[in-house]
Amino acid sequence: MRPLTTRAALLRSSKSTPTIPSQRAHVPVPRRVPRPPQCRFSSTQAPATEKLSPRWLSDVRARIGKCIMFGINDAQTSEAGQEVVWGEMDSMGHVNNVMYNRYAESARVNWTLNFAAMDPGHKKEWLELMSPKSIGLILRSIKTDYKFPMKWPDRITVLYKLRKKPEQGSDHFILDVLILSEAQRRAAARCVEDIVVYDYRTAKKSPLPPFMIDRFKQTFELQEAAKEKNSARVRTLLDRVRELEKGSWDRADAVEDFGSAGKP
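Residues numbered from 1 in each chain as written. Predicted model: local features only at pLDDT ≥ 70, side-chain atom pairs only at ≥ 80, totals over all residues. Heavy atoms only, no water.

## Let's talk about the overall build of the protein chain
Right, so step 1: Helices and strands together make up the secondary structure of the protein chain, namely six helices and six strands.
Right, so step 2: The buried share of the protein chain, reckoned over its 264 residues, is 32%.
Right, so step 3: Surface summary for the protein chain: the accessible area is close to 18200 Å², and the carbon and sulfur share equals 55%. (Helix = DSSP H or I, 4+ residues; strand = E, 2+ residues; numbered from the N terminus. Buried < 20%, exposed > 50% of the residue type's maximum accessible area, 1.4 Å probe, protein only. Areas by Shrake-Rupley, 256 points an atom, 1.4 Å probe, with all protein chains shown as cover.)

Okay, here's the thing in structure tokens:
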């Protein structure tokens, strides 16, 4: 008798050995539409910006864009600075890193001059801060974090914020700086500046004058009030985007709208 080949052996084995049906039924797994990156936020009364992603606005735009791809109705649709100069770019094709510090410097001078306009009773003292006549301001240190390489053409907006409320006897203050790219609609750089009050007449550091402390305290209180107001606005925006998602793609019968490309 000829020996069985491997193929024949397998066929005979499959005929002689009965198959035992599996006791576990196969349940089809429904296809889930992947969620885009979402900005997680707490439902407590803590400010919405406390643990907010620095790219929350870009994330919101992406989430709304996905809602549009799945189709939204008319009602849902309704829910839905300074010039950068070409010569400021270097041989690598982007704005040179030194220029960011210059942007911050120019904006800091304007920031100080704004106080002179808002406080006419001490206008002379505010203007003298920008000169070596008496009490002046000296940049002791600056730290710059670069977020992405800006290119021409673009416009920038530089925002300043007092880090803490000034105290009597303090001889310096910290400023947080945000350099925004209007073309990219996000931060191009963040700076931290340490500013020292200096008396040019005695060649020594000097405590903050009373007129600066009073105005800085008012500014800090306005910052805190604006922070609470804008935190509530961000929280409302995120809630409305979530409702838009529930009414478009994040539902059981969601079908992506491919427009004319999806029609036969």
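## Concerning the pairing of strand S5 (residues 186-199)
Right, so step 1: Counting buried positions along S5 gives ten out of 14 residues, so the element sits mostly inside the fold.
Right, so step 2: Taken together, the eleven bridges between strand S2 (residues 135-146) and S5 define a ladder with antiparallel strand orientation. Paired with Ile138 across the two strands is Val196, which belongs to S5.
Right, so step 3: Taken together, the ten bridges between strand S4 (residues 172-181) and S5 define a ladder with antiparallel strand orientation. Opposite Leu180, over in S5, you have Ala187 as the bridge partner.
Right, so step 4: In this antiparallel pair of consecutive strands, S4 and S5, the connection spans four residues, and Arg185 shows a positive phi of 55°.
Right, so step 5: Here S5 pairs with strand S6 (residues 204-205) via two bridges, running antiparallel. When the bridges of S6 are listed, Tyr198 appears paired with Lys205. (Pairing = 2+ DSSP bridges.)

## A word on the pairing of S4
Right, so step 1: Counting buried positions along S4 yields eight of ten residues, so the element is predominantly enclosed.
Right, so step 2: Relative to S4, strand S3 (residues 155-162) runs antiparallel, the two being bridged by seven bridges. Across the sheet, Leu162 pairs through a bridge with Leu175, a residue of S4.

## What about helix H4 (residues 97-118)?
Right, so step 1: Look at H4: 33 Å from first C-alpha to last across 22 residues, which is about the 32 Å you get at 1.5 Å a residue.
Right, so step 2: For H4, the full list of buried residues reads Met99, Tyr100, Tyr103, Ala104, Ala107, Arg108, Trp111, Thr112, Phe115 and Ala116.
Right, so step 3: The N-capping residue of H4, defined by a side-chain oxygen 3.0 Å from the backbone nitrogen of Val98, is Asn96. (Expected span 1.5 Å × (residues − 1). Polar contact = N/O pair within 3.5 Å; in protein donor to acceptor, adjacent residues only side chain to side chain.)

## A look at the packing of H4 against helix H6 (residues 210-246)
Right, so step 1: Contact pair H4 / H6: the axes reach a minimum separation of 12 Å and the direction vectors enclose 105°. Considering their axes alone, H4 and H6 lie roughly perpendicular with respect to each other. Every residue of H6 that contacts H4 at Trp111, Phe115 and Met118 is listed here: Arg215, Phe216 and Thr219.
Right, so step 2: When grouped by side-chain class, the residues that make up the contact of H4 with H6 number four nonpolar, one polar and one charged. (Axes fitted to C-alpha atoms, helices over the stretch in contact; angles between N-to-C directions. Parallel < 35°, antiparallel > 145°, perpendicular 65-115°, else oblique. Contact = heavy atoms within 4.5 Å. Nonpolar A, V, L, I, M, F, W, Y, C, P; charged D, E, K, R; others polar.)

## Overview of a nonpolar patch on the surface
Right, so step 1: A cluster of nonpolar side chains, namely Val109, Leu113, Leu127 and Met130, defines an oily patch on the protein surface of about 270 Å² accessible area.
Right, so step 2: Of note, Met130 is situated in the loop between helix H5 (123-128) and S2.
Right, so step 3: A relative accessible area of 35% places Met130 in the partly exposed class. (Patch = residues over 30% accessible without salt bridge, like charges linked within 9 Å, V, L, I, M, F, W, Y side chains within 5 Å. Salt bridge = Lys/Arg side-chain N within 4 Å of Asp/Glu carboxyl O.)

## Some remarks on the packing of aromatic side chains
Right, so step 1: If you walk through the whole model with that rule in mind, you get twelve aromatic pairs.
Right, so step 2: Taken together, a centroid distance of 6.5 Å and an interplanar angle of 40° make the contact between Trp111 and Phe173 tilted. Taken together, the residues Trp111 in helix H4 and Phe173 in strand S4 connect sequence positions 62 residues apart. Comparing Trp111 with Phe173 shows no difference in burial state: the two are buried.
Right, so step 3: Ring geometry for Phe115 versus Trp126: centroids 4.9 Å apart, planes at 15°, classification stacked. Placement of Phe115 in helix H4 and of Trp126 in helix H5 is noted, with a sequence separation of eleven residues between them.
Right, so step 4: Residue classification places Phe115 among the buried residues on the basis of a relative accessible area of 2%.
Right, so step 5: Of the aromatic side chains, those joined through ring pairs into one cluster are Trp111, Phe115, Trp126, Tyr160, Phe173, Phe211 and Phe216. (Phe/Tyr/Trp six-rings, centres within 6.5 Å; stacked < 30°, edge-to-face > 60°.)

## What to know about the environment of Ser134
Right, so step 1: In this structure, Ser134 sits in the loop between H5 and S2.
Right, so step 2: Other than its neighbours up to four places away in sequence, Ser134 contacts Glu128, Tyr198, Asp199, Tyr200 and Arg201.
Right, so step 3: A distance of 3.1 Å separates polar atoms of two side chains, one belonging to Ser134 and the other to Glu128.

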